Amino acid sequence: MINTMILLIVIVFLLPCIGTSRATLCPLVFAQKDFNITEYAGLWCEAYRHDANEVDTKCKNGTYTVNSNGTMDVLSEGLNKLTGYYSNQGSAIPKRLSEPAAFLIHDKNPTKTVKYNIIQTNYQQYSLIYSCDYVPIIGIRFEHIWFLSRNKTFPEPILDKFKKVLKHIHVESSGIESTPQDC
Ligand SMILES: *[C@@H]1O[C@H](CO)[C@@H](O)[C@H](O)[C@H]1NC(C)=O
Ligand SMILES: *[C@@H]1O[C@H](CO)[C@@H](O)[C@H](O)[C@H]1NC(C)=O
Ligand SMILES: *[C@@H]1O[C@H](CO)[C@@H](O)[C@H](O)[C@H]1NC(C)=O
Ligand SMILES: *[C@@H]1O[C@H](CO)[C@@H](O)[C@H](O)[C@H]1NC(C)=O
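Residues numbered from 1 in each chain as written. Chains lettered and ligands numbered in written order. Predicted model: local features only at pLDDT ≥ 70, side-chain atom pairs only at ≥ 80, totals over all residues.

1. What to know about the overall build of the chain
A count of helical and extended segments in the chain gives 3 helices and 9 strands. When the helices and strands of the chain are listed from N to C terminus, the series reads α-α-β-β-β-β-β-β-β-β-α-β. In the chain, the proportion of contacts linking residues at least 24 apart, taken out of those at least 6 apart, comes to 51%. (Helix = DSSP H or I, 4+ residues; strand = E, 2+ residues; numbered from the N terminus. Contact = placed C-beta atoms within 7 Å.)

2. Topic: helix H3 (residues 157-168)
Between the first and last C-alpha of H3 there are 17 Å, a value that for 12 residues agrees with the 16 Å anticipated at 1.5 Å per step. Taken together, the buried residues of H3 touch strand E7 (126-135) and strand E8 (140-149). Downstream of H3 by one or two residues, His 170 has phi in the positive range, about 65°. (Expected span 1.5 Å × (residues − 1).)

3. Concerning the site of ligand 3
Inspection of the region around ligand 3 gives Leu 43, Cys 59, Asn 61, Glu 77, Gly 78, Leu 79, Tyr 85 and Cys 183 as its neighbouring residues. Listed by contribution, the elements that provide at least two residues to the shell around ligand 3 are strand E2 (57-66) and strand E3 (72-80). Element by element, the count of residues in the shell around ligand 3 is highest for E3, at 3 residues. Residues belonging to the shell around ligand 3 are distributed by class as follows: 5 nonpolar, 2 polar and 1 charged. (Near = placed C-beta within 6 Å. Nonpolar A, V, L, I, M, F, W, Y, C, P; charged D, E, K, R; others polar.)

4. Details of the confidence of the model for the chain
Summarising the model, the chain shows a mean pLDDT of 89, and 87% of its residues fall at 70 or more. Low confidence marks residues 4-22, where pLDDT is under 50. Its contacts with residues over four positions away, or in another chain, come to 17 contacts. (pLDDT = per-residue confidence, 0-100.)

5. Here's the deal with the nonpolar core
Of all hydrophobic cores here, the largest spans 28 residues; its most connected members are Ala 92, Ile 119, Leu 128, Ile 129, Tyr 130, Phe 147 and Leu 148. Among the secondary structure elements, those contributing two or more residues to this core are strand E1 (42-50), E3, strand E5 (99-107), strand E6 (112-121), E7, E8 and H3. Beyond its immediate chain neighbours, meaning those up to four positions away, Ala 92 contacts Thr 71, Met 72, Val 74, Phe 103, Ile 105 and Tyr 116. (Core = buried A, V, L, I, M, F, W, Y, C linked by C-beta atoms within 7 Å. Buried ≥ 20, exposed ≤ 12 C-beta atoms within 10 Å, placed from the backbone.)

6. Describing the pairing of strand E4 (residues 84-96)
Sheet topology note: the E3/E4 ladder contains 9 bridges and is antiparallel. In the sheet register, Asn 80 faces E4, and the bridge partner there is Gly 84. Here E3 hands over to E4 after 3 residues, the two strands then running antiparallel side by side. Pairing of E4 with E5 involves 6 bridges; the strand directions are antiparallel. Following the sheet pairing, Arg 96 is matched in E5 by Glu 99. Taken together, E4 and the strand that follows it, E5, pair antiparallel across an intervening segment of 2 residues. (Pairing = 2+ DSSP bridges.)

7. Remarks on the environment of Tyr 126
Locating Tyr 126 in the fold gives a position in strand E7. Under the C-beta neighbour-count criterion, Tyr 126 is labelled buried, with 21 such atoms within 10 Å. The spatial distance from the C-alpha of Tyr 126 to the C-alpha of Phe 147 is 7.2 Å, given a sequence separation of 21 residues. Setting aside anything within four residues of it in sequence, one finds Tyr 126 in contact with Thr 121, Leu 148, Ser 149, Pro 155 and Ile 158.

8. Some remarks on unusual backbone geometry
Omega for the bond connecting Asn 109 with Pro 110 falls within 30 degrees of zero, at 0°, which places this linkage in the cis form. A positive phi angle is found at Cys 59, which is not glycine, with a value near 50°. Position of Cys 59 among the secondary structure elements: in strand E2. If you check the backbone angles, Asn 109 has positive phi at about 55° while not being a glycine. With respect to the element layout, Asn 109 can be found in the loop between E5 and E6.

Next comes the structure, spelled out in structure tokens:
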């Protein structure tokens with residue numbers, strides 16, 4: 001009975017939000033092997049995203065500052081269509097020493113933790129971020145994908161390159177949309 005109710009609640013309230021998420025486990029992904037956090041620091045603009053929580057936002061960017069203990073402070077900024085400018089301060093903590101490009105970002109206000117796996121970056125121009133959470137009771141995975149660029153113009157040839165990388169790890173790119181940077 002209780003299970004049925006939970007399932008109903010999930011179907012009614014959660015399913016409409018999940019976009020193209022698949023009813024499968026998260027794929028096994030590997031963050032970039034060679035990773036230099038110092039070179040990654042600085043400004044990254046959001047060029048494309050698959051992010052069901054972020055439909056009414058644009059002109060998003062993140063400023064990453066490296067701390068001496070190997071973490072990064074992350075200032076996220078953007079514009080919400082209704083409420084205007086917003087910002088959020090967080091910290092990026094490396095998950096483990098053996099995987100230096102896999103982070104957990106802990107945001108304050110609102111408090112949340114986001115997986116931040118840097119699948120591929122060349123530091124100067126682009127970065128591909130993949131994040132996945134599998135929720136066993138409903139058997140659904142929630143995915144976030146971000147294509148970041150150093151300035152407001154994403155290098156177009158990289159769009160196809162990133163989609164191929166995603167295909168290779170069995171991740172759909174059909175839900176990916178461009179984030180306007182027209183501010
Ligand atoms: C990381 O990059 C910085 C800046 O380019 C450089 O000074 C440093 O030597 C690099 N670290 C490693 C371990 O390669
Ligand atoms: C790392 O250093 C930053 C800045 O000094 C500090 O705010 C943070 O709490 C430290 N984090 C850990 C896990 O030690
Ligand atoms: C980051 O985005 C915010 C909100 O769109 C904007 O006000 C800010 O100027 C941007 N930062 C940079 C360095 O472009
Ligand atoms: C963005 O950076 C690229 C180099 O990565 C450069 O070719 C391009 O002119 C820059 N665009 C803007 C608007 O600054």
